[in-house]
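Inside the fold
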Amino acid sequence: MYNFFIDKEDANKNLRYVKGSDYNHIKNVLRMKEGDTVLISCLNKSDLCKIISFGEDFVLLEVVEENYNDTALPLSVYLFQGLPKSDKLELIIQKAVELGVDKIIPVQTNRSIVKIDKKKDNKTARYNTIAESAAKQSKRNSIPEVIPAITFNEALPLLKDLDLLIVPYESHNGMEGTLSTLRELKKDMKVGVFIGPEGGFEQKEVDTLSCLGGKVISLGKRILRTETASITALSMLMLYAEINL
Ligand code: SAM
């Protein structure tokens, strides 16, 4: 079933309005008709809606079944991603959205090969387009945001809003901490996952995150690529939460 995202201004009681490129897609590409049904996602929920009519530049629908497709994780997940090369970040964004992440914060750490150029941020719009496409494909109830890349120090104040910060570190040994950290997870928690870039973390970065309450864990004996580590850590979190919370 097709899934479209609308702003809260386009939802009025049990009526929904789809406009813009999605209007054109429904009308002229999918050639949908009155009576056809689609999923409309708005305000973190997805309702089953039936097409009532087509206006000049909008589709009018009414809600048939609220919360028809609740795909949200039982907790909020924020990925702090050590800034990797751009193509890797695109893959990480796509997989992180499929795995239920709520927000992606690219972070320039000391060993990030790619450096932030705030004057020339021509990538964030593309990254959010990738997030929207992945959210549609994976039937998310909302579109996770990718914010413009920030420095390690700029990321630190954002950590205080978290209930738990998980720091997979390539030099950390033993899996006991990994299991005990997972066991700390509770429903509705705000959980951060901080992954280093291709060059990895510097020890002083890990020490800083640890001092802020970050749980330093191992993802196993092998050294994973940054994209593999992000996907592994988010998959572990998602599966544990879906099974236990
Ligand atoms: N340059 C580092 C090296 O060669 O040892 C590897 C860094 S790794 C490519 C990028 C990030 O993935 C790490 O900073 C860490 O966050 C995560 N990572 C990779 N393997 C890991 C492991 N076995 N345990 C925990 N984290 C890992």
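In this text the structure is predicted, and so the values were computed from the model without any measurement. (Residues numbered from 1 in each chain as written. Predicted model: local features only at pLDDT ≥ 70, side-chain atom pairs only at ≥ 80, totals over all residues. Heavy atoms only, no water.)

A closer look at the packing of aromatic side chains
Tallied over the entire structure, the rule returns five aromatic pairs. Where Phe 152 meets Phe 194, the ring centres are 5.8 Å apart and the plane angle is 50°; that geometry is what we call tilted. One end of the pair, Phe 152, is in helix 4 (residues 152-155); the other, Phe 194, is in strand 12 (residues 190-195), and 42 residues separate them in sequence. Geometrically, the ring pair formed by Tyr 169 and Phe 201 is edge-to-face, given 6.4 Å between the ring centres and 65° between the ring planes. Linking Tyr 169 in the loop between strand 11 (164-168) and helix 5 (176-182) with Phe 201 in the loop between strand 12 and helix 6 (203-211), this pair joins segments that are 32 residues apart in sequence. Its relative accessible area of 10% is what places Tyr 169 among the buried residues. You can call Phe 201 buried: its relative accessible area is 2%. Cluster of aromatic residues (ring-pair linked, three or more members): Phe 80, Phe 152, Tyr 169, Phe 194 and Phe 201. (Phe/Tyr/Trp six-rings, centres within 6.5 Å; stacked < 30°, edge-to-face > 60°. Helix = DSSP H or I, 4+ residues; strand = E, 2+ residues; numbered from the N terminus. Buried < 20%, exposed > 50% of the residue type's maximum accessible area, 1.4 Å probe, protein only.)

Quick look at the pattern of salt bridges
In total, this model carries 13 salt bridges according to the counting rule given. One network of salt bridges, in which partners are shared, links Arg 16, Lys 45, Asp 47 and Glu 66. (Salt bridge = Lys/Arg side-chain N within 4 Å of Asp/Glu carboxyl O.)

Observations concerning the nonpolar core
Among the nonpolar cores identified, the biggest contains 38 residues, and Leu 79, Ile 93 and Leu 185 are the most heavily contacted of them. Elements supplying a minimum of two residues to this core: strand 7 (76-82), helix 2 (86-98), helix 3 (124-137), strand 11, strand 12 and helix 7 (226-244). Considering each element in turn, this core owes the most residues, seven residues, to helix 7. When residues no more than four places from it in sequence are discounted, the contact partners of Ile 93 are Ile 104, Tyr 127, Ile 130, Ala 131 and Val 146. Among the nonpolar cores identified, the runner-up in size contains 19 residues, and Ile 147, Leu 162, Leu 165 and Tyr 169 belong to it. (Core = buried A, V, L, I, M, F, W, Y, C linked by side-chain atoms within 4.5 Å. Contact = heavy atoms within 4.5 Å.)

Observations concerning helix 7
The first and last C-alpha atoms of helix 7 sit 27 Å apart over 19 residues, in line with the 27 Å expected at 1.5 Å per residue. All of the buried residues along helix 7 are Thr 226, Glu 227, Ala 229, Ser 230, Ala 233, Leu 234, Ser 235, Leu 237, Met 238, Tyr 240 and Ala 241. Contacts from the buried residues of helix 7 go to strand 7, helix 2, strand 11, helix 5 and strand 12. (Expected span 1.5 Å × (residues − 1).)

Quick word on the side chain of Gln 81
Mapped onto the elements of the fold, Gln 81 is located in strand 7. Those residues in contact with Gln 81 that sit more than four places away from it in its chain are Leu 89, Ile 92, Ile 105, Pro 106, Val 107, Ile 195, Gly 196, Thr 226 and Ser 230.

With respect to the sheet that holds strand 5 (residues 45-54)
The strand order across the open sheet built from six strands is 1-4-5-6-3-2, with neighbouring strands paired in mixed fashion. Two strands lie at the open edges of the sheet, namely strand 1 (3-5) and strand 2 (11-12), each paired on one side alone. Looking at chain direction, strand 1 and strand 4 (residues 37-42) are connected through three bridges and run parallel. Paired with Asn 3 across the strands is Leu 39, a residue of strand 4. Each of strand 1, strand 3 (15-19), strand 5 and strand 6 (58-65) touches helix 1 (residues 20-29); the most contacted strand, strand 3, lies at about 95° to it. (Pairing = 2+ DSSP bridges. Axes fitted to C-alpha atoms, helices over the stretch in contact; angles between N-to-C directions.)

Some details on the site of the ligand
The local shell around the ligand holds 20 residues, among which Pro 168, Glu 170, Leu 219, Gly 220 and Arg 222 are the closest. Within the backbone of Gly 199, a nitrogen or oxygen atom sits 3.2 Å from a nitrogen atom of the ligand. Taken together, the residues that form the shell around the ligand break down as 10 nonpolar, six polar and four charged. (Near = heavy atom within 4 Å. Polar contact = N/O pair within 3.5 Å; in protein donor to acceptor, adjacent residues only side chain to side chain. Nonpolar A, V, L, I, M, F, W, Y, C, P; charged D, E, K, R; others polar.)

Here's the deal with the pairing of strand 4
Burial runs high along strand 4: five of the six residues are buried. Sheet topology places strand 4 next to strand 5; six bridges connect them, and they run antiparallel. Its bridge partner lying in strand 5, Ile 40 is registered against Asp 47. The turn linking strand 4 back onto strand 5 is made up of two residues, and Leu 43 within it adopts a positive phi angle of 50°.

Quick word on the state of the cysteines
One pass over the full model with this rule turns up zero disulfides. Counting only cysteine sulfurs, Cys 42 is the nearest neighbor of Cys 49, a cysteine outside any disulfide, at a range of 9.6 Å. Since its relative accessible area comes to 0%, Cys 49 is described here as buried. (Disulfide = S-S within 2.5 Å.)

Some remarks on the environment of Leu 159
With respect to the helices, strands and loops of the structure, Leu 159 is situated in the loop between helix 4 and strand 11. Counting along the chain gives 91 residues from Leu 159 to Tyr 68, while the straight-line C-alpha distance between them is 33 Å. Apart from residues lying up to four places away in sequence, Leu 159 is in contact with Phe 80, Leu 165, Leu 209 and Leu 212.

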